[in-house]
Amino acid sequence: ALFKPAVYRAVFVAMAMLFVGSEIAFWTDTFPYAPLLQQPIFVGEQLTPWWAFWLRVIYLMTAVPLVALFFVLAWIMQREKHLLETRVRTDSLTGLFNRREFMARFDIELHRQQRRQKPLCLLLIDIDHFKRINDSWGHPVGARLLQQLGELLRTSLRRNVDVAARFGGEEFAVLLPNTTLPQARAVAEHLSRQLEAIEFGS
C-alpha cells in the first residue's frame, strides 16, 4: 500500500462514492440525520436498550475494520519487504543470486565447513564467445540464453543446499557444500551433458 498508487486511487474512489451516497440520502430524506440523537440516552441508571445496542454496533463497526486494516497493512508491508529483499539478493534476468549475495553466502559456508571439517567445492561456468552471440543474433537472444542457463542451474542443483549465482555478465558460480571433489566433478559433467542437450534460444 505504501508503494502502489493504484491502492490509493481505489480507496479514494470508494470514499468518494460513500460521501456522494450519504449526501444524496441526506438531501432526499432517504436516511434521517442523526437518528440516535432523537432517542434519550439515559432513563435511569443504565443506557436505554436502543442506545446500548447502537453503541455496541458503532464500537464493532469501528474496532473490527481497524483491526482488519492493521492486519492487511502488516501483510502488505511484509510482502513488499520480502519482494524488495528478493530484488536486492537476486539477478533480475536469471532469477539466480547476484554476485553480492553469492559472496555473502560463500563466506558463511566457508566458515561453516571449516568448523565442521566438511568438504566444499566451487564450480565456475563461463559462456564461450558470448559477445559474438550478442553481436550476431542480438541482445534479446543473449538474454534468453542467460535465462535458460539460469533455469537449468535452478532445476539441476540441490534445493536449499547448493548456491547458484550469476557472477558476471556471462559468468556463473555454483557453491556445493558437503561435496567432495569427485562428487563436484560428477555434478559438473552432469551439467555439461544437460547443456549440450539444450537447444538454446528456443
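Computed from a prediction, not measured in an experiment: that's the story for all the values here. (Residues numbered from 1 in each chain as written. Predicted model: local features only at pLDDT ≥ 70, side-chain atom pairs only at ≥ 80, totals over all residues. Heavy atoms only, no water.)

## Some thoughts on the nonpolar core
The cut-off we apply is this: Take the buried Ala, Val, Leu, Ile, Met, Phe, Trp, Tyr and Cys residues and link them wherever side-chain atoms come within 4.5 Å; each set so joined is a nonpolar core. Remark: exposure states derive from per-residue accessible area (1.4 Å probe, protein chains only) relative to the maximum for the residue type, with buried under 20%, exposed over 50%, and partly exposed in between. Numbering of helices and strands runs from the N terminus; a helix is a DSSP stretch of H or I covering at least four residues, while a strand is a stretch of E covering at least two. By the convention used here, residues are in contact when the closest approach between their heavy atoms is within 4.5 Å.
Counting 18 residues, the largest nonpolar core has Ile125, Ile127, Leu153, Leu157, Phe172, Val174 and Leu176 as the members making the most contacts within it. For this core, the secondary-structure elements that each account for two or more residues are strand 1 (120–126), helix 5 (139–156), strand 3 (171–177) and helix 6 (181–197). At 5 residues, the largest contribution of residues to this core is made by helix 5. Residues contacting Ile127, with those up to four places away along its chain left out, are Ile133, Leu145, Leu146, Leu149, Glu170 and Phe172. One finds Phe102, Val163, Ala173 and Leu175 within the second-largest nonpolar core, a separate group that totals 6 residues.

## What to know about the layout of surface pockets
In this approach the atoms are scanned with a rolling probe the size of a water molecule, which exposes any empty space left behind. The test is simple: Using a 1 Å grid laid over the protein atoms alone, points where a 1.4 Å probe fits but cannot get out form a cavity; open sets with protein on both sides within 12 Å along at least 5 of 7 lines form a pocket; any residue with an atom within 4 Å of a point counts as lining. Grid points are joined across faces, edges and corners, and a volume is the space filled by probe spheres set on the points. Ten residue types, Ala, Val, Leu, Ile, Met, Phe, Trp, Tyr, Cys and Pro, are classed as nonpolar, four, Asp, Glu, Lys and Arg, as charged, and the remainder, Gly among them, as polar.
Its boundaries defined by the atoms lining it, the largest pocket holds a volume of some 570 Å³. When residues of the lining of the largest pocket are assigned to their parent elements, the largest contribution, 6 residues, is made by helix 3 (residues 99–116). Taken together, the residues of the lining of the largest pocket break down into 9 nonpolar, 5 polar and 8 charged.

## Comments concerning the pairing of strand 3
Each regular strand shows side chains that alternate between the opposite faces of the sheet. Defined as follows: A pair of strands is considered paired only if DSSP assigns at least 2 bridges between the two.
The element strand 3 is largely enclosed, with a buried count of 6 among its 7 residues. Pairing analysis gives 7 bridges linking strand 1 to strand 3, with the strands arranged antiparallel. Considered in strand 3, the bridge of Leu124 is made with Ala173. In this structure, strand 2 (residues 163–166) lies alongside strand 3, joined through 4 bridges in antiparallel fashion. If you follow Ala165 over to strand 3, its bridge partner there is Ala173. With antiparallel pairing between neighbouring strands as the criterion, strand 2 and strand 3 make up a hairpin whose turn holds 4 residues.

Don't take any of this as a statement about function, it's just geometry.
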